[in-house]
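# Fold and geometry: a report
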Amino acid sequence: MRIAVIGAGGIGGYFGGRLAVAGHEVALVARGEHLAALRRDGLTVDSPKGDFTLAPAGFTATGDTGEVGPVDVVLLCVKTWQLDEAVKALPPLMGPGTAVITLQNGVEAPVEVAEAVGRDAVWPGTARIIALLAGLGHVRHVGGAGLLTFGEWDGRRSARVERFAEALNGAGVSVELPADPWVALWAKLLFVATAGGLCATVEAPFGVIREQAGTRAMVAAAMTEVAAVAAAEGVELPADIVDESMAFLDRQPAEGTPSLHRDILEGKRSELEAWTGSVVRLGKRTGTPTPVCAFVYTILSAREASRRG
Ligand SMILES: NC(=O)C1=CN([C@@H]2O[C@H](COP(=O)(O)OP(=O)(O)OC[C@H]3O[C@@H](n4cnc5c(N)ncnc54)[C@H](OP(=O)(O)O)[C@@H]3O)[C@@H](O)[C@H]2O)C=CC1
Ligand SMILES: CC(C)(CO)C(=O)C(=O)O
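As named in an unreviewed UniProt entry, the protein is 2-dehydropantoate 2-reductase, taken from Phytomonospora endophytica. Database annotation for the protein, UniProt heading Pathway (unreviewed entry): "Cofactor biosynthesis; (R)-pantothenate biosynthesis; (R)-pantoate from 3-methyl-2-oxobutanoate: step 2/2." In UniProt, the protein has this text filed under Function (unreviewed entry): "Catalyzes the NADPH-dependent reduction of ketopantoate into pantoic acid."

As structure tokens, then:
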């Protein structure tokens, strides 16, 4: 298949790299020194599922989607606050059946992208992985299954969704095709906005916030708030979503950290607005109380402002 990945960072480099190794025609859209390194040295991925290096001849590295042309699937792998610019790079990649998979945490990215390319072209998706850019042209898969969920906007099973799922499976990437992709997005938000938010608030990895009774209780209370906001938005999460998500927290590597935590610590712009911030915003809009999420959001807004100067 012909695949373009916009944003060849942690998740884009990992999933795009695996598809290229499996023989698909992959274009990694990157910029700056990272793009230069990809062109010169190729892509190196360290992963518990098997390390690999892709030679420059094994994929296209470009800063210009006009050089790529229409593809079957676009993996949109930039941060939420980078979507605006990334969306402007989409038109040359779009053919009649092109699907754009949004992999951002949060529930707002598909809506933003659909405003540019239409709902029929957008597959709301999630990535279950911890991956990061370890250096120029170098991605590190730290943990997590390396699993993708995605589907047509309205949840209908289509031939193109199944075809891409097969391509991913053939590339060693696990896939779940949810009956409703929005349930998967909300379930992921329920985890990152709360467990991710608490890690960033106390500046500690998953192992600490789940062992301390106080932070564990706050995570569970915040998760209950997110489920209530989802219901108010018309998305019914499974009845055991909080227990399931606490069990998911217990399965995370003890030293694992969410990107929200790493970004704030490093003084970078974070995705706070799209994670805990969106829960608070949508809670206000629907009249759903979110006191724990609002507390976490307030602390982190101040912490990010202070770190970024
Ligand atoms: N990392 C993870 O484990 C997971 C991440 N996610 C989600 O995936 C999304 C991406 O996260 P992550 O992979 O960590 O992010 P990274 O910052 O590692 O990667 C994003 C990459 O996209 C590049 N980029 C941004 N805009 C453009 C553009 N217009 N053209 C070309 N390249 C561009 C960035 O370059 P530059 O540095 O120059 O800005 C960077 O290399 C986030 O929304 C996150 O929530 C979801 C699950 C797990
Ligand atoms: C919390 C985590 C690792 C879960 O996959 C994530 O999505 C992120 O850090 O962006």
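Picking up where we left off.
In the region of ligand 1, 31 residues are neighbours, and Gly7, Gly9, Gly10, Gln104 and Asn105 sit closest. For the shell around ligand 1, the elements supplying multiple residues, two or more each, are α1 (10-21), α2 (32-41), α3 (83-88) and β8 (122-135). Broken down by element, the residue count for the shell around ligand 1 peaks at six residues, all from β8. Here the residues of the shell around ligand 1 sort into 16 nonpolar, 11 polar and four charged.

Taken N-terminus to C-terminus, the directions of helix α8 (residues 213-232) and helix α12 (residues 291-308) make an angle of 110°; their axes are 7 Å apart at the nearest point. Regarding the angle of α8 to α12, the classification is roughly perpendicular. Seen from α8, the contacting residues are Met218, Ala221, Ala222 and Glu225; seen from α12, they are Val292, Cys293 and Val296. In terms of residue class, the contact of α8 with α12 is built from six nonpolar, no polar and one charged.

Cut-off values and rules
- Residues numbered from 1 in each chain as written.
- Chains lettered and ligands numbered in written order.
- Predicted model: local features only at pLDDT ≥ 70, side-chain atom pairs only at ≥ 80, totals over all residues.
- UniProt positions renumbered as here; feature names shortened; annotations may be inferred.
- Near = placed C-beta within 6 Å.
- Helix = DSSP H or I, 4+ residues; strand = E, 2+ residues; numbered from the N terminus.
- Nonpolar A, V, L, I, M, F, W, Y, C, P; charged D, E, K, R; others polar.
- Axes fitted to C-alpha atoms, helices over the stretch in contact; angles between N-to-C directions.
- Parallel < 35°, antiparallel > 145°, perpendicular 65-115°, else oblique.
- Contact = placed C-beta atoms within 7 Å.

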